[in-house]
Amino acid sequence: MAAETFIILDHTPLHSALEKIEGIDPAPIIHAGLVSLLLVGLAITVSRSYKSNPRIHQEEKTFTITNFMEMIVGGLLNFMQQTMGDHAKTFLPLIGTTGIFILISNLLGTIPGFDPPTSNLNTTLACAIVIVVATHYVGVRTHGVKYIKHFMGPVLWLAPLMFVIEVIGHLARILSLSFRLFGNMFGDHMVLGIFMGLVPLLIPVAFMGLGVFVSVVQAFVFTLLSILYISGALEEAH
Amino acid sequence: MEKLVNEFSFGLFIWQTVLFVLLVLLLRKFAWKPILKAVNEREEGIKNALAAAEDAKKEMQNVSADNERLLKEARAEREAMLKEAREIREKMVADAKVQAQKEGDKIIRKAQESIEGEKKAAIADIKNEVASLSVEIAEKILQAQLDNKDKQLKLVDQLVDDIKLR
Amino acid sequence: MGKPKLFYDLLKYSSLGLEMGAAVVIGLLMGIYLDKRFETYPWLTLLFMCFGFVAATKALIKALKKGIFLEEEGEE
């Protein structure tokens, strides 16, 4: 792993416990858990603000977390409605969670001392798998048995061949989705760590800015590709 | 590349997946549903407000159209009433004219008739008078000439023939 | 409306390269695994590598066919 010197969560009791049970490096889980806790806390804050004041309108100019979240949700929903129309609201929880989880995970890497969970292949693979499984679940649910037509070519006798090829294509999607995020974050974090070790002053700040940029872009790319894949499964086979 | 691929560990992967699915479910319950609800409500509110505004606009248009229509109707009605009145007046005048004509004709005819009657009566009177006068004259003349009855009659006939009115 | 579509298409095309590479790699890995399993080296490796190539080409064709942006460019 990169930048071992900056991982501060490596020596917690939870860490050693996990290490004993699994025989694996638990740092990504702990970091991901941290991000998850943060997000759940945020979620509870938001839902509580709704409970205390069910009608919050955007006309209120004061900046609250709820307003901010609503702004994000509005933008995301708009983006989703471009490709999947009415289905957008159904898939908002999945896509939104993926997006915000990855964004916060990525941004965690720019804070010195933390590893972004997304700089571990297993985390990104988990996200990609969840998205792809959801994609196919959605496909089966909307099209039923006909969904298999997505995997068959236009010619019947070529169907088994096409099936293998399509499966390869879908596996490639998982791979490319997870590897893109993982590679970018890993590389970014590595560069940041190296420069942090070399020149501890000023220059890392520039790389941190770059890190923030890469984090946002990669989270965005992952989210939009997820939207594309799901809307692809929603379409009719051609 | 080898190193990166080796980083894959099944246990870690499973853990992360479970964690991520849990996170999705939790956030769905706590964050997305309420936010989505709020966003929906707001959209609904905006839509409703727009619809209400549209309705109000339509109502206004209806009202003004109604007004316009009423005004037009009233104008048309007035027009019709005026026309009717004029017609009635003209008819009355015409009727009166005809009536007067008739009345006048009737009076004239009556007058003519009575004149005619009177004239006839007068003529009859005159005839009678003339006859009696003639008889008297004849008697007087005959008293003077009693001798000849035949002559007498002859004379009378001659006289009567002479007196014959036109 | 046009902007997000352009966005999606740019994203699709930029992600195409990695997807194509990944398709070949996946085909290769499947082939190697199956060859080990059935001891038919090198035939299945070659075959599945070809499948991987076909899958990559298919992804390319699909992306080009569905390019909303490219389609609409002529109209607008």
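Residues numbered from 1 in each chain as written. Chains lettered and ligands numbered in written order. Predicted model: local features only at pLDDT ≥ 70, side-chain atom pairs only at ≥ 80, totals over all residues. Heavy atoms only, no water.

Draft legend 1. Highlighting the overall build of chain A. Along chain A, the regular secondary structure elements total seven helices and zero strands. For chain A, the exposed surface amounts to about 11,200 Å²; the carbon and sulfur share of it is 72%. (Helix = DSSP H or I, 4+ residues; strand = E, 2+ residues; numbered from the N terminus. Areas by Shrake-Rupley, 256 points an atom, 1.4 Å probe, with all protein chains shown as cover.)

Draft legend 2. Seen up close, the interface of chain B and chain A. Facing 31 residues of chain B, the contacting portion of chain A comprises 47 residues. Taking the shortest distance from any N to any O, the salt bridge between Lys89 of chain A and Glu43 of chain B comes out at 3.4 Å. There are four residue pairs in polar contact (both at pLDDT 80 or more) connecting chain B and chain A. The greatest single-element share of the side of chain B that touches chain A, amounting to 26 residues, is contributed by helix 2 (residues 10-144) of chain B. (Contact = heavy atoms within 4.5 Å. Salt bridge = Lys/Arg side-chain N within 4 Å of Asp/Glu carboxyl O. Polar contact = N/O pair within 3.5 Å; in protein donor to acceptor, adjacent residues only side chain to side chain.)

Draft legend 3. Structural view of the side chain of Thr17 of chain B. The residue Thr17 of chain B is located in helix 2 in this model. Only 2.7 Å separates the side chain of Thr17 of chain B from the backbone oxygen of Phe13 of chain B, close enough to count as a polar contact. Residues within four places of Thr17 of chain B in sequence aside, it is in contact with Ala126 and Val130 of chain A.

Draft legend 4. Molecular detail of the environment of Ser134 of chain B. Tracing the sequence through the fold places Ser134 of chain B in helix 2. A polar atom in the side chain of Ser134 of chain B sits 2.4 Å from the backbone oxygen of Val130 of chain B.

Draft legend 5. The arrangement of the packing of aromatic side chains in detail. On inspection of all chains with the given rule, the structure shows eight aromatic pairs over all chains. Considering the side-chain rings of Phe101 of chain A and Phe20 of chain B, the 5.3 Å spacing of their centres and the 55° angle between planes classify their relative orientation as tilted. Of this pair, Phe101 of chain A sits in helix 4 (residues 88-108) while Phe20 of chain B sits in helix 2, each in a different chain. With relative accessibility at 3%, the residue Phe101 of chain A sits in the buried group. Exposure remark for Phe20 of chain B: the relative accessible area of 2% places this residue in the buried category. One aromatic cluster is present, built from ring pairs that chain together Tyr147, Phe151 and Phe163 of chain A. Positioned above the aromatic ring of Phe30 of chain B is the side chain of Lys29 of chain B, whose terminal nitrogen or guanidinium carbon lies 5.0 Å from the ring centre. (Phe/Tyr/Trp six-rings, centres within 6.5 Å; stacked < 30°, edge-to-face > 60°. Buried < 20%, exposed > 50% of the residue type's maximum accessible area, 1.4 Å probe, protein only. Lys NZ or Arg CZ within 6 Å of the ring centre and 35° of its normal.)

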